[in-house]
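Structure at a glance
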Amino acid sequence: MDQIIIIDTVWVLLAAFLVFLMQVGFAMVEIGFTRAKNSLNILMKNVVDCCTGAIVYFIVGFAIMFGDSIGGLFGSSGFFLSGAEGFDFGVPTLAFWVFQAVFAATAATIVSGAVAERMKFSAYILSTILMTALIYPIVGHWVWGGGWLEELGFLDFAGSTVVHSVGAFAAMVGAYMVGPRIGKYNGKGEVNAIPGHNIPLGGFGVFILWFGWFGFNGGSTIAASDPGLIASIIVVTLLGAAGGAVGSMIFTWFRYGKPDPSLILNGILAGLVGITAGADVLDPMGSLVVGFFAAVVMILSVEIFDKAIKIDDPVGAISVHGAAGAFGTICVGLFAVGDGLFYGGGVSLLIAQVIGVIAVFSWTVVTAGIGYFIISKIVGGIRVSPEEEKEGLDIGEHGMRAYNIIVGNKAS
Amino acid sequence: MDQIIIIDTVWVLLAAFLVFLMQVGFAMVEIGFTRAKNSLNILMKNVVDCCTGAIVYFIVGFAIMFGDSIGGLFGSSGFFLSGAEGFDFGVPTLAFWVFQAVFAATAATIVSGAVAERMKFSAYILSTILMTALIYPIVGHWVWGGGWLEELGFLDFAGSTVVHSVGAFAAMVGAYMVGPRIGKYNGKGEVNAIPGHNIPLGGFGVFILWFGWFGFNGGSTIAASDPGLIASIIVVTLLGAAGGAVGSMIFTWFRYGKPDPSLILNGILAGLVGITAGADVLDPMGSLVVGFFAAVVMILSVEIFDKAIKIDDPVGAISVHGAAGAFGTICVGLFAVGDGLFYGGGVSLLIAQVIGVIAVFSWTVVTAGIGYFIISKIVGGIRVSPEEEKEGLDIGEHGMRAYNIIVGNKAS
Amino acid sequence: MDQIIIIDTVWVLLAAFLVFLMQVGFAMVEIGFTRAKNSLNILMKNVVDCCTGAIVYFIVGFAIMFGDSIGGLFGSSGFFLSGAEGFDFGVPTLAFWVFQAVFAATAATIVSGAVAERMKFSAYILSTILMTALIYPIVGHWVWGGGWLEELGFLDFAGSTVVHSVGAFAAMVGAYMVGPRIGKYNGKGEVNAIPGHNIPLGGFGVFILWFGWFGFNGGSTIAASDPGLIASIIVVTLLGAAGGAVGSMIFTWFRYGKPDPSLILNGILAGLVGITAGADVLDPMGSLVVGFFAAVVMILSVEIFDKAIKIDDPVGAISVHGAAGAFGTICVGLFAVGDGLFYGGGVSLLIAQVIGVIAVFSWTVVTAGIGYFIISKIVGGIRVSPEEEKEGLDIGEHGMRAYNIIVGNKAS
Amino acid sequence: MKKVEAVIRPETFQLVKDALTIQGLASMTVTHVTGCGLQGGKTEYYRGSKYTVNLLPKVKIELVVQDENLDTLVNLIVETARTGQIGDGKIFVYDVQDAVRIRTGEKGEKAI
Amino acid sequence: MKKVEAVIRPETFQLVKDALTIQGLASMTVTHVTGCGLQGGKTEYYRGSKYTVNLLPKVKIELVVQDENLDTLVNLIVETARTGQIGDGKIFVYDVQDAVRIRTGEKGEKAI
Amino acid sequence: MKKVEAVIRPETFQLVKDALTIQGLASMTVTHVTGCGLQGGKTEYYRGSKYTVNLLPKVKIELVVQDENLDTLVNLIVETARTGQIGDGKIFVYDVQDAVRIRTGEKGEKAI
Ligand SMILES: Nc1ncnc2c1ncn2[C@@H]1O[C@H](COP(=O)(O)OP(=O)(O)O)[C@@H](O)[C@H]1O
Ligand SMILES: Nc1ncnc2c1ncn2[C@@H]1O[C@H](COP(=O)(O)OP(=O)(O)O)[C@@H](O)[C@H]1O
Ligand SMILES: Nc1ncnc2c1ncn2[C@@H]1O[C@H](COP(=O)(O)OP(=O)(O)O)[C@@H](O)[C@H]1O
């Protein structure tokens, strides 16, 4: 008995470390896919969302997510981790908290990619507080904390919706409200591509994210005690990403004539986001299929947001985490071994999945919208001035350059 | 009983994650040691070999490597992981599979460095399929799947030969058949050095590879249940690499007058490749010695391939994984505590080791040669056009640049 | 019983891997925060301190640190790990050794940042040998090997003082004796800022260091058997760093008008160094507070060293590891749950902490001073020539450039 | 033939280029440079030390044009690159003795 | 004295340099630039959006030579840098009023 | 008006710039270039192969000045950039036909 808790704790903590490392993966992807003049600002946003996020989640978020439920809507105990003794998550409450805290930071950090290169640093910090104190924990409560969606039978094993879509939907609202980057659309509304300054760096970030994802999905059991299950989850995580890579490679090769590196990298992530909701109930073949099509959905979504909806998302966060996340969550209703429609399980799970996605979308869009509106009032607009945007936020927000060739600086 | 399986599974899965992370290490080394105009192509090759490789290994490779043996030559059951229940590897079959899948991807990815900057993307994908479906699994079957080399007493604990040399021998054939990069040799056949564009990046990759190697060797027990053994394996892995670094530092300092950073980085890898075959049977002192001389062998091999054999290998993959791998495998016959010649064990092990290396070399060179020949027929030559090579494969194969300073792009 | 050792060994080894990975984190921070012309030299210093360090610690260091104590001053058995059977650390001696070896390498590598861009490669290698053979192991013996400070009741759980301060104090002596970089101070003694050439790279390094720190603190229990304790240690490690980030953000925002990216990155590290001594006895709130103020102390220390003491420390190693380390060690006497002054524990612990810091400072400064003096005699001065320094140590020490755009090289 | 060398702000480059393209004067060579003039440099902080970045990033455009296009060109650049703040940059005009189009070997005005 | 400024393809640079070295005209200053001319730019895709890279990478070589070497030099560059495809680049020739070798202080033709 | 173009060692740039600032000649445009001249290149090793880096990093400074400042400027550069070793660099002087300050539209000498 005792020893199982030790093994479970070791597994959950190690998984949490891997999830934590995803922060640097996100930073690399976002910096690589944007322009050099904003690199430090993006780095700082990633640093601050993970640090502020952890603190806020410690003070408020965890209590709202896992505290005693008020009507299945939100939790109400455990602020500042007080009363930690009262909780029982199998592993020590602090171990469970660490795992949840890095999840919260992940949800928060998704936003930074979509609003990159133009949102004020101060506005971003406030939005991070809102995400980790309220928007994310409430959804978490609904699905994982004993809330109404859990009651309904909605399944989201490791958070395609709870973590990724919540981040992405908030990102969508943020990117919409802050507006497209100067120069992204020309007078006629056509897209001017703004290539990232270091795509290989983005690639390294994707590999690190994938590495972290093994912890993200593997640790979501909060136990190692069923070795067959965790092994299966890891297989799904490996093959889902591989399916996403191959899907995006083939799809872009046909569609644009060449295999597009930046979209293949996004395709891996889309595959991962896609299989995350059903990582415990997909079989290897199912994970390949879901990963493959999650990547295709993501690419179409990138085009739609870029060209039709005209929300400027420099790194594709909305499509990768939102579109592929919703797709993957719904796919659980189709591909879950046992309960999925394609596996002879009927439509009831599928319906629960659709309801869950809609509910989370509505909640996130509305609260994020109100949130950014209030933040805008507090800091006097969420967007930097056009001059600052043109010169780069590194100078404007931090008075420093990311890359320096040093000639001619003087003490002053 | 039960709990041991849990611990073993946790260990094997975590080790597999570390081995997986080696993919980004390889990508960094290969990108850093080549020119900026080919960075995306190399990144994509690394992405695709690991993703395609995992899928192919799921469909075919694993069955050939670990399925019921046909005459000790190849396996024949377990395609698509079907009949997974029938296998018994101590840990759950899926856990074992994940560990083996990332090994297969490692063998495949070694090739990309040697053929970098000139092989077609399509040809490379096909060669990866060949590697993970056939060339590597057959050797794996011989040595680890109950095949004839295992019968013979050939020892290769974690794959100096099975993984690294197979990758390197195939890489040698590929690099030979694709020919040297334009400009590598001048009219008189002298070497024109083509320095990599970001050596520190290569250094980061080497550290990450080393980190992954702890999983590579440590996990090859497929069990944590002998803590003294895994601890010893890790010590060997640490000291072997350290020996390789010191060996290459001293050797280049004497030979070229200065300690050569790129060869010291390669030296760490050579040390690691060298001790991998005997990681379970070397003692700390033995690992230092084997690592040290593996690095020296590697450096001499780099010179020979560059100047005498004239096979152009931009990152030194053939020498690091092939020469040091063969050297290390043979050293098991000398340094194995108990059975090694220097430890009073006679020559029988040594002879088995030599036979194993020769057999694997012959198999790999022949099949890879035939393979590239067929691939060349399929895709119309395995090499890009000289114009494309000069402009860089990033533009030619992917229509995109790795690094962008953005002025003057327009929608079109 | 048996199984607990297996779990403990798995935990300690995995923790050691994470600590090992900190080497690449250090390399990234130091390379990012300095100029491009010295990148390879810094990389090589990091490679060599970790490789030479491991070997030296194997031969000598470990014996001095954990061998039979001579009067509480130094150990005297276990050279070359001989007599390993005689030791009992709970886990296998080799597992314990690996964990200790990567700690020794960490202490050594701290020096390279402070003396970067001007110390000779040969002098640096010798100083590394001194660190890992003598300076660090002696302190380690005092505090962790049954020595006199342990007797006294001095607490330094994971090495704020033993590892970080020892590295930093030696770094301070080295940086002082090698002198400031050319151009750091103008004729009037004013500081000329010399910005690092790739700050985002430094940021990635900080994230990787933080990741490694989970192993650094978590593994210092040398056991997983108290899951509540290791979970608590990880929470402290997460919140301490977060506190450091927020502390440095707020402090620099007030002090310099903008949140300073390079100091926020240092602030995370200062937070981590700060909570390391008390990671097992701090509560979450205490870790936030200690992390926050460790960052403030670090920033003030950076200013003092730069402007008043005028020791040139390109990456802030002295302030991050030394000032924050001493601060954090003393804070154990204030914030330790139970024994700390603020938690009703009286002043006896506080006094022990202060004595420990002073003793370690004195020992390290004196031995490092003598050491560098002798090294200077051996290699003819520890500093490269002004010409070499201006051109960069990459060319001078290694005959190679870190970054290459290749036109116009010729065989010769 | 004249060579017009304009050192302008990176931010205004796109505007200038678009304007030149419309006028059919789009043949140019572009270099990333740094420069200082009246613009005194910017005070930044690095790790607690104030310092002045004397050399600010600029874009240098070089265009070789026929004499009759000179004024149009100069005026166009002045109009599109001006923000009115110090640091807008300078235009310098030089005489060109000859031009050769490498592809065809054509010389003189035809080569531009 | 004349200054020859050649903007050529990066791919041909090595050939040009070798040819110049053989002729003993190897003193030069080289800059990485981008440019556009007749060559309309290249259409590339980025994340599903087509776009034109108007400015393509080029290498600018500057050589100051004595008047009598001018023709040899120009011809040599034209010959070695030509591929016949649009984008081969241009050569411009300017008059140089004076040259100084910093090391010795020598002026004029001796300084080249 | 004259344009002074100095190709110097990166190491000496700061000295030159300080000297020019003191003389009030601090308006300049700076480019990172590579170059070769008498300085034969440096032999380096890469992975066991000896090779010559023919093109060494240099800094190019361009300053447009009034005719009367020409000599002061050239002398100042020669003095501060000289180390006496091969590779110190060269100064070239060109005639400038016109200058325009973009911010104000001023032309000629006033614009410098
Ligand atoms: N005399 C000069 N010679 C060379 N370049 C110059 C000269 N004057 C200005 N420049 C270039 O023009 C840029 C802008 O000049 P500045 O004086 O700051 O702006 P403004 O013309 O608006 O006063 C400088 O950064 C420098 O690159
Ligand atoms: N009038 C010009 N002024 C300045 N640079 C030019 C001019 N014309 C061409 N160039 C430079 O030469 C390069 C090649 O010119 P392009 O017209 O594309 O080739 P081609 O000469 O073969 O027609 C351009 O990218 C640009 O850098
Ligand atoms: N004729 C020339 N044309 C253009 N640039 C030149 C010329 N001669 C020298 N340079 C530039 O000056 C730099 C230094 O010249 P070099 O001949 O090596 O030094 P020194 O003048 O001391 O003999 C070269 O690297 C090159 O950039």
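Residues numbered from 1 in each chain as written. Chains lettered and ligands numbered in written order. Predicted model: local features only at pLDDT ≥ 70, side-chain atom pairs only at ≥ 80, totals over all residues. Heavy atoms only, no water.

A word on the overall build of chain D
Helix and strand counts for chain D stand at two helices and seven strands. Ordered by position from the N terminus, the helices and strands of chain D form the series β-α-β-β-β-β-α-β-β. Principal-axis analysis of the C-alpha atoms places the extent of chain D at approximately 60 × 25 × 20 Å. Taking all 112 residues of chain D together, the buried fraction comes to 57%. Summarising the internal contacts of chain D: among those between residues at least 6 apart in sequence, 69% fall at separations of at least 24. Distance from the positive charge centre (15 side chains) to the negative charge centre (14 side chains) of chain D: 8 Å. (Helix = DSSP H or I, 4+ residues; strand = E, 2+ residues; numbered from the N terminus. Buried < 20%, exposed > 50% of the residue type's maximum accessible area, 1.4 Å probe, protein only. Contact = heavy atoms within 4.5 Å. Lys, Arg positive; Asp, Glu negative; His and termini not counted. Charge placed at Lys NZ, Arg CZ, Asp CG, Glu CD.)

Some points on the confidence of the model for chain A
Low pLDDT means the predicted coordinates in that region are not meant to be read closely. On average, residues of chain A score 95 in pLDDT, and 98% of them are at 70 or above. The model gives residues 407-412 of chain A a pLDDT under 50, and that stretch makes 31 contacts with residues more than four places away or in other chains. (pLDDT = per-residue confidence, 0-100.)

Regarding the packing of aromatic side chains
Residues and elements named next belong to chain A. Counted under the stated rule, the structure contains 84 aromatic pairs over all chains. Look at F89 and F96: their rings are 3.7 Å apart centre to centre, the planes differ by 10 degrees, and that puts the pair in the stacked class. Judged by its relative accessible area of 6%, F96 falls in the buried class. When the centroid spacing of 5.1 Å and the interplanar angle of 75 degrees are considered together, the rings of F335 and F342 count as edge-to-face. Within the aromatic cluster, the residues linked to one another by ring pairs are Y57, F58, F62, F66, F80, F87, F89, F96 and W97. (Phe/Tyr/Trp six-rings, centres within 6.5 Å; stacked < 30°, edge-to-face > 60°.)

Re the interface of chain B and chain A
Counting residues at the interface gives 54 residues for chain B, matched by 55 residues for chain A. When chain B packs against chain A, the two sides together hide about 4500 Å² of surface, and 86% of this comes from carbon and sulfur. Contact with chain A buries area across many residues of chain B, yet B:I6, B:F17 and B:F20 alone supply 14% of it, more than any other trio. Our count for the contact surface shared by chain B and chain A stands at zero salt bridges. Here chain B is connected to chain A by six residue pairs in polar contact (both at pLDDT 80 or more). (Buried area = accessible area lost by both parts, 1.4 Å probe. Salt bridge = Lys/Arg side-chain N within 4 Å of Asp/Glu carboxyl O. Polar contact = N/O pair within 3.5 Å; in protein donor to acceptor, adjacent residues only side chain to side chain.)

Examining the site of ligand 2
Around ligand 2 there are 23 residues in total, and D:T29, D:R103, E:L38, E:G87 and E:K90 lie nearest to it. Each of chains D and E places residues near ligand 2. D:T29 places a side-chain nitrogen or oxygen 2.8 Å from an oxygen atom of ligand 2. E:G87 has a polar backbone atom sitting 2.9 Å from an oxygen atom of ligand 2. For ligand 2, whose accessible area on its own is 560 Å², the fraction buried by protein is 99%. Split into classes, the residues belonging to the shell around ligand 2 amount to nine nonpolar, eight polar and six charged. (Near = heavy atom within 4 Å. Areas by Shrake-Rupley, 256 points an atom, 1.4 Å probe, with all protein chains shown as cover. Nonpolar A, V, L, I, M, F, W, Y, C, P; charged D, E, K, R; others polar.)

Quick look at the packing of helix α11 (residues 317-335) of chain C against helix α12 (residues 348-379) of chain C
Residue and element names in this part refer to chain C. Packing of α11 against α12 leaves a shortest axis separation of 7 Å and a crossing angle of 160 degrees. The angle between α11 and α12 places the two elements in the roughly antiparallel class. For the element pair α11 and α12, the recorded crossing hand is right-handed. Across the interface between the two elements, A326, T329, I330, V332, G333 and L334 from α11 touch L349, L350, Q353, V354 and V357 from α12. (Axes fitted to C-alpha atoms, helices over the stretch in contact; angles between N-to-C directions. Parallel < 35°, antiparallel > 145°, perpendicular 65-115°, else oblique. Left-handed = near helix turned anticlockwise from the far one by under 90°.)

Remarks on the relation of the copies chain B and chain A
Under the fitted operation, chain B is carried onto chain A by 0.0 Å of movement along the axis and a turn of 120 degrees, and the coordinates agree to an RMSD of 0.0 Å. On the angle and the small slide along the axis, the relation comes out as a three-fold axis. For chain B, the minimum C-alpha distance to the rotation axis belongs to B:I7 and amounts to 4.0 Å. With a heterologous cut-off of 20% or less, the 9% of interface residues of chain B that recur at the interface of chain A puts this contact in the heterologous class. (Least-squares fit on C-alpha atoms with pLDDT ≥ 70 in both.)

A closer look at the nonpolar core
Of all hydrophobic cores here, the largest spans 464 residues; its most connected members are A:W97, A:W210, B:W97, B:W210, C:W97, C:Y136 and C:W210. Residues in contact with C:Y136, not counting those within four places in the same chain, are C:Y57, C:M65, C:Q100, C:F103, C:A104, C:A107, C:M131, C:W144, C:V162, C:V163 and C:V166. (Core = buried A, V, L, I, M, F, W, Y, C linked by side-chain atoms within 4.5 Å.)

Digging into the pattern of salt bridges
Considering all chains together, one arrives at 42 salt bridges over all chains under this definition. We note a salt bridge from B:D312 to B:R181, for which the minimum N-O separation is 2.8 Å. One end of the pair, B:D312, is in the loop between α10 (284-309) and α11 (317-335); the other, B:R181, is in the loop between α6 (160-178) and α7 (199-218), with 131 residues separating them in the sequence. For the pair B:D312 and B:R181, a shared accessibility class is recorded, and that class is buried. As a salt-bridge pair, D:E106 and D:R101 come within 3.2 Å of each other at their nearest N and O atoms. According to the relative accessible area criterion, D:E106 is partly exposed, its value standing at 29%. The class of D:R101 is buried, set by a relative accessible area of 9%. By sharing partners, the salt bridges in this structure join D:K3, D:E5, D:K60, D:E62, E:K3, E:E5, E:K60, E:E62, F:K3, F:E5, F:K60 and F:E62 into a single network.

What to know about the interface of chain A and chain E
On the side of chain E, six residues touch chain A, which itself brings 18 residues to the contact. A buried area of about 1000 Å², summed over both sides, lies between chain A and chain E, and 52% of it is on carbon and sulfur atoms. By the criterion of area lost to chain E, the three top residues of chain A are A:A193, A:P195 and A:Y256, representing 41% of everything that side buries. Connecting chain A to chain E are zero salt bridges. Secondary structure elements with two or more residues in the side of chain A that touches chain E: α9 (261-276) and α10 (284-309) of chain A. For the side of chain A that touches chain E, the class distribution of residues is 11 nonpolar, four polar and three charged.

So, the environment of E:T29
Within the secondary structure, E:T29 is located in strand β2 (residues 28-36). It is 19 Å that separates the C-alpha atoms of E:T29 and E:T104, two residues lying 75 residues apart in sequence. In this view, E:T29 contacts E:K60, E:I61, E:E62, F:V7, F:V33, F:T34 and F:G35; residues no more than four positions away in its chain are not counted.

Details of the pairing of strand β6 (residues 89-95) of chain D
Judged by how many residues are buried, β6(D) sits mostly within the fold: six of seven residues are covered. The sheet contact formed by strand β1 (residues 2-8) of chain D and β6(D) spans seven bridges and is antiparallel. Residue pairing across strands places D:V7 opposite D:K90, the latter belonging to β6(D). Note: β6(D) against strand β7 (residues 98-101) of chain F, four bridges, orientation antiparallel. In the strand pairing of β7(F), D:V93 is matched with F:D98. (Pairing = 2+ DSSP bridges.)

Overview of the site of ligand 1
Not every one of the 23 residues close to ligand 1 is listed here, only the nearest: D:L38, D:G87, D:K90, F:T29 and F:V64. More than one chain reaches ligand 1: the nearby residues come from chains D and F. One of the backbone nitrogen or oxygen atoms of D:C36 is found 3.2 Å away from an oxygen atom of ligand 1. For ligand 1, an oxygen atom lies 3.1 Å from a polar atom in the backbone of D:D88. Broken down by secondary-structure element, the contributors of at least two residues to the shell around ligand 1 are β2 (28-36) and β6 of chain D together with β2 (28-36) and β5 (56-65) of chain F. Classifying every residue of the shell around ligand 1 gives nine nonpolar, eight polar and six charged.

Looking at unusual backbone geometry
With glycine set apart, most residues show a phi of negative sign, and most peptide bonds adopt trans. Of note, B:I222 is a non-glycine position whose phi angle comes to about 55 degrees, a positive value. Mapped onto the elements of the fold, B:I222 is located in the loop between α7 and α8 (227-256). Judged by relative accessible area, B:I222 falls into the buried class, the value being 14%. In this structure, C:E117 is a non-glycine residue whose phi angle is positive, near 75 degrees. Residue C:E117 is classed as buried on the basis of its relative accessible area of 0%.

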